[in-house]
Amino acid sequence: MKVLVIGSGAREHALCRSLSLDPAVTALHCAPGNAGIAEVAELHAVDALDGAAVAALATELGAGLVVVGPEAPLVAGVADAVRAAGIPCFGPSGEAAQLEGSKAFAKDVMAAAGVPTARSYVCTTPAEVDEALDAFGAPYVVKDDGLAAGKGVVVTDDLEAARAHANACERVVIEEFLDGPEVSLFAITDGVTVLPLTPAQDFKRALDGDEGPNTGGMGAYSPLPWADPKLVDEVMESVLQPTVDELRRRGTPFSGLLYAGLAITSRGVRVIEFNARFGDPETQVVLARLKTPLAGVLLHAAEGTLADEPRLNWSEDAAVTVVVASHNYPGTPRTGDPVDGLDEVAEQDAPHAYVLHAGTKRDGDAVVSAGGRVLSVTATGTDLAQARERAYAAVGRIRLDGGQHRTDIAAKAAAGTPTAG
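Residues numbered from 1 in each chain as written. Predicted model: local features only at pLDDT ≥ 70, side-chain atom pairs only at ≥ 80, totals over all residues. Heavy atoms only, no water.

Participant: Mind showing me how you'd approach the sheet that holds strand β18 (residues 318–325) here?
Facilitator: The strands making up a sheet are joined through hydrogen bonds of the backbone, oriented either antiparallel or parallel. Within the open sheet, the five strands sit side by side as β12-β15-β18-β23-β20. Their pairing is antiparallel. Every other strand in the sheet has two partners, leaving β12 (201–202) and β20 (353–357) as the edge strands with one partner each. Examined bridge by bridge, β12 and strand β15 (residues 219–222) share two bridges and lie antiparallel to one another. Bridging from a neighbouring strand, Asp-202 pairs with Ala-220 of β15. Its contacts with the sheet place helix α10 (residues 282–289) against β12, β15, β18, β20 and β23 (373–381), and it is angled at close to 150° to β18. (Pairing = 2+ DSSP bridges. Helix = DSSP H or I, 4+ residues; strand = E, 2+ residues; numbered from the N terminus. Contact = heavy atoms within 4.5 Å. Axes fitted to C-alpha atoms, helices over the stretch in contact; angles between N-to-C directions.)

Laid out in structure tokens, this is it:
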């Protein structure tokens, strides 16, 4: 099978790495890719938001499967264009991707499907914003209705900060604060059958101790030793299957990766948000533990035959990923800085630890930073403590001027704390 992956981040590098290890994959392509992906896939220049261009590239390559990684191309309908060209595509239609593209749409779907989530208001005027903030009180949870690259959510006790963020958005969802640890649960679906993956937890705040601004994610780990063993079955029954069934009922079946961001509250599981694609950086740790070859699973979903896929096999090992970010991230990041130490990680830490590239590019013989999140250093071990140790040993070999990373990814969980973090 020839596979084309669309995207250029660490999520796409993780997908390409897993696909490159699948014996069924005879040729692997990525567009536009990055410096790390170039080591496992042939790169192609393409505008990832241009469905016609992506479909033309897939046709030219003779791809038997296209995997669309990021949310923006999905919301733009790139998967529709690929399917219209007669090529199986892993990723939801533009209409179904509104589950991530619009927080208000997602709330409407959840209400119709009876999915437990936070109470909320959709606001379009300053007066509506003030009324909603007053109704819920602090801490305030304010979400840009549209796509915001993982940085459209503000959770704060500062009323003025909450109001400012809300009024800067064209349409905003303001909701009650959900207490308790957060969990990310992915599921692969063909619009009927739902196949859950293993849970993970990510770290949104920029600084240790969950301080600092929200980011796209600074690290993740899996499994979750503190979580109820019945969590996946419960979420399947109360969240994932009802959501897929409701979207099919509406005539917009969801085929691809359904990501449920969950809060394990004192009142039970509640959905914080849905995403329409693999999450970053959780994908890095989830795929590190997946033993089942990836290509066949994605193709079954794309072709509507997921019921034929047996249960997935998972490694007993734990996985931890630590994000190395640019100077000033998540503000305007500095780019163009050399990234050194990659060869040292490959020589000294493989196969238990490896580097997945996010915001990188080639500059002659050098790899330089080209975005906010530059690398995801991922490691496996017999438990979280060993995986953490290996991940941070590898991070210690990376040299990036002004680079930053959190030092507490999975620390509490590795130490046996029965809560998040």
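The rest of the description comes next.
Participant: Where do I start with the sheet that holds strand β9 (residues 172–175) in this structure?
Facilitator: Spatial ordering of the open sheet is given by β6-β9-β7-β8, a layout of four strands whose pairing is antiparallel. Single-partner strands in this sheet number two, and they are β6 (120–123) and β8 (153–156). Going across the sheet, the axis of each strand differs from the next one's by a mean of 20°, ignoring polarity. Direction of pairing for β6 relative to β9: antiparallel, over a ladder of four bridges. Across the sheet, Tyr-121 pairs through a bridge with Ile-174, a residue of β9. Along the sheet face, helix α6 (residues 103–113) touches β6, β7 (140–144) and β9 and points at about 50° away from the line of β9.

Participant: Even after reading the chapter, I still don't get α6, so can you show me in this structure?
Facilitator: The periodicity of an α-helix, 3.6 residues per turn, causes residues three or four places apart in sequence to face the same way. Of all the positions in α6, only Lys-103, Ala-104, Ala-106, Lys-107, Val-109 and Met-110 are classed as buried. The inward-facing, buried residues of α6 abut α5 (98–101), β6, β7, β9, α9 (231–249) and β17 (268–275). One or two residues past the end of α6 sits Gly-114, with phi positive at roughly 70°. (Buried < 20%, exposed > 50% of the residue type's maximum accessible area, 1.4 Å probe, protein only.)

Participant: Got a minute to help me understand the side chain of Arg-277 in this structure?
Facilitator: Tracing the sequence through the fold places Arg-277 in the loop between β17 and α10. Here Glu-100 takes part through its side chain, which lies 2.7 Å from a polar atom of the side chain of Arg-277. Ignoring sequence-local partners within four residues, the contact set of Arg-277 consists of Arg-11, Gly-69, Pro-70, Glu-71, Leu-74, Glu-100, Leu-257 and Tyr-259. (Polar contact = N/O pair within 3.5 Å; in protein donor to acceptor, adjacent residues only side chain to side chain.)

Participant: Explain empty space enclosed by the protein to me, please; I cannot follow it from the model alone.
Facilitator: Empty space among the atoms becomes visible once a probe the size of a water molecule is rolled across them. Counted according to the given criterion, the structure contains three cavities of 30 Å³ or more. Space inside the largest cavity adds up to approximately 80 Å³. Lining the largest cavity are 13 residues, and of these Lys-103, Ala-106, Ile-272, Glu-273 and Phe-274 sit closest to its centre. Of all elements in the fold, only α5, α6, β9 and β17 reach the threshold of two or more residues within the lining of the largest cavity. The element best represented in the lining of the largest cavity is α6, accounting for four residues. Grouping the amino acids of the lining of the largest cavity by side-chain chemistry returns six nonpolar, one polar and six charged. In this structure, the second largest cavity encloses a volume near 60 Å³. What lines the second largest cavity is a set of 13 residues, among which Val-68, Phe-90, Leu-257, Arg-277 and Phe-278 lie closest to the centre. Secondary structure elements with two or more residues in the lining of the second largest cavity: β4 (65–68) and β16 (256–265). (1 Å grid on protein atoms, 1.4 Å probe; cavity = no way out; pocket = protein on both sides within 12 Å on 5 of 7 lines; lining within 4 Å. Points joined across faces, edges and corners; volume = space filled by probe spheres on them. Nonpolar A, V, L, I, M, F, W, Y, C, P; charged D, E, K, R; others polar.)

Participant: Explanation requested: the environment of Ala-111 in the structure shown.
Facilitator: Position of Ala-111 among the secondary structure elements: in helix α6. Using a relative accessible area of 63% as the deciding quantity, one classes Ala-111 as exposed. Put simply, Ala-111 and Gly-341 are 230 residues apart on the chain and 50 Å apart in space, counted from C-alpha to C-alpha.

Participant: Would you mind going over the pairing of strand β22 (residues 366–369) with me for this structure?
Facilitator: Residues in a regular strand project their side chains so that they alternate between the two faces of the sheet. Pairing of strand β21 (residues 360–363) with β22 involves four bridges; the strand directions are antiparallel. Pairing of Lys-361 across the sheet is with Val-368, part of β22. The antiparallel pairing of β21 with β22 creates a hairpin that spans two residues between the two strands, and Gly-364 there sits at a positive phi of about 70°.

Participant: When you look at the packing of aromatic side chains in this model, what are you seeing that I'm missing?
Facilitator: The description of an aromatic ring pair uses the distance of the two centres, along with the angle that the planes make with each other. Summed over the entire model, instances satisfying the criterion amount to five aromatic pairs. Between Phe-90 and Phe-278, the aromatic rings sit 6.1 Å apart at their centres with planes inclined by 35°, giving tilted as the arrangement. Taken together, the positions of Phe-90 in strand β5 (residues 89–90) and Phe-278 in the loop between β17 and α10 put the pair 188 residues apart, joining distant regions of the chain. For Phe-278, a relative accessible area of 4% gives the class buried. (Phe/Tyr/Trp six-rings, centres within 6.5 Å; stacked < 30°, edge-to-face > 60°.)

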